[in-house]
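Residues per chain are reported as follows:
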Amino acid sequence: MPRRTDLSKTFCPVGRAAELLGDRAVLLILRELFFGVRRFEAIAANTGLGPQLVSARLKRLVAEGVVTRHEYQPRPPRYDYRLTDKGKDLFGVLYALRGWAERWVYAPGETGADYAIGYIHKACGADVGTATVCPGCGAELGFGDLRGQRSPALDAERLAKAG
C-alpha cells in the first residue's frame, strides 16, 4: 500500500485541515467531545474504536491544541479531555458535515421522518433541523448554542456498542 502524502506543511488550507481531520477516528472523537463526553472509556465505547487508536488520536489532538487533558483522579491518575477554543471552532465543520450527511448518506426512508441527531436551540427552544441560522429566532448557531437529541435508533446503536 502506498504511503499517504504528508500535507502538514502544504500552503493549501484544505490540505492542512485534511491532515488532521481526514481521519475517521478524529471525527468520531470530536463528535463525542461535542456531545459532552470527556472520559477515555466512554469515548472508546461510544465510537467503537480500539483503546490504542483512541489514545493515539487523543494524543494528537492534544499536541495540535484542539483538546486539553485534565486530571480528575490522582491515584491512579485518570484524565478527561476537553475542547480548547481551537477545538470548539471545529463545531461548524462537524455541524456542516452532519447536515450534509442527514441529507445525502441515508437511503430513502432509512431514518423515518426524523433526523439521526436532532438539535434544539437552547435560547429559544426551536428545532433547528440542519439550519445554521435558527428558524425560531434568527440567531446564528455555533458551539454551545444547541442541545443534541439522538434518535431512538442512534441511542440503540450506542447502547449496543457499549454493552
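Brief notes about the pattern of salt bridges
Enumeration according to the criterion identifies 7 salt bridges in this entry. Between Glu41 and Arg78 there is a salt bridge whose closest N-O contact spans 2.7 Å. Taken together, the residues Glu41 in helix α3 (residues 40-47) and Arg78 in strand β2 (residues 78-83) connect sequence positions 37 residues apart. For Arg78, a relative accessible area of 29% puts it in the partly exposed group.

Thoughts on a nonpolar patch on the surface
A cluster of nonpolar residues, Leu97, Trp100, Trp104, Val105 and Tyr106, forms a patch on the protein surface that exposes about 530 Å² of accessible area. Relative to the elements of secondary structure, Trp100 occurs in helix α6 (residues 91-104).

Overview of the packing of aromatic side chains
One pass over the structure, following the stated rule, counts 5 aromatic pairs. Pairing Phe91 with Tyr95 gives two aromatic rings, centres 5.4 Å apart and planes at 20°, and the pair type is stacked. With a gap of 4 residues between them, Phe91 and Tyr95 both fall in helix α6, about one helical turn apart. Of the residues examined, Tyr95 reaches a relative accessible area of 5% and is grouped as buried. Joined through ring pairs, the aromatic side chains of Phe34, Phe91, Tyr95, Tyr119 and Phe143 make up one cluster. When the ring centre of Tyr115 is taken as origin, the NZ or CZ atom of Arg98, which lies over that ring, is 5.2 Å away. Sitting above the plane of the Phe35 ring, Arg150 keeps its charged end 5.2 Å from the centroid.

Considerations on the packing of helix α2 (residues 24-34) against α3
In the contact formed by α2 and α3, the axes pass within 10 Å of each other and the chain directions differ by 120°. It follows from the interaxial angle that α2 and α3 lie oblique. Relative to α3, α2 is oriented so that their crossing is right-handed. Of α3, the residues touching α2 (which contributes Leu28, Ile29, Arg31, Glu32 and Leu33) are Ile43, Asn46 and Thr47. Of the residues belonging to the contact of α2 with α3, the class tally is 4 nonpolar, 2 polar and 2 charged.

Definitions and limits used
Residues numbered from 1 in each chain as written. Predicted model: local features only at pLDDT ≥ 70, side-chain atom pairs only at ≥ 80, totals over all residues. Heavy atoms only, no water. Salt bridge = Lys/Arg side-chain N within 4 Å of Asp/Glu carboxyl O. Helix = DSSP H or I, 4+ residues; strand = E, 2+ residues; numbered from the N terminus. Buried < 20%, exposed > 50% of the residue type's maximum accessible area, 1.4 Å probe, protein only. Patch = residues over 30% accessible without salt bridge, like charges linked within 9 Å, V, L, I, M, F, W, Y side chains within 5 Å. Areas by Shrake-Rupley, 256 points an atom, 1.4 Å probe, with all protein chains shown as cover. Phe/Tyr/Trp six-rings, centres within 6.5 Å; stacked < 30°, edge-to-face > 60°. Lys NZ or Arg CZ within 6 Å of the ring centre and 35° of its normal. Axes fitted to C-alpha atoms, helices over the stretch in contact; angles between N-to-C directions. Parallel < 35°, antiparallel > 145°, perpendicular 65-115°, else oblique. Left-handed = near helix turned anticlockwise from the far one by under 90°. Contact = heavy atoms within 4.5 Å. Nonpolar A, V, L, I, M, F, W, Y, C, P; charged D, E, K, R; others polar.

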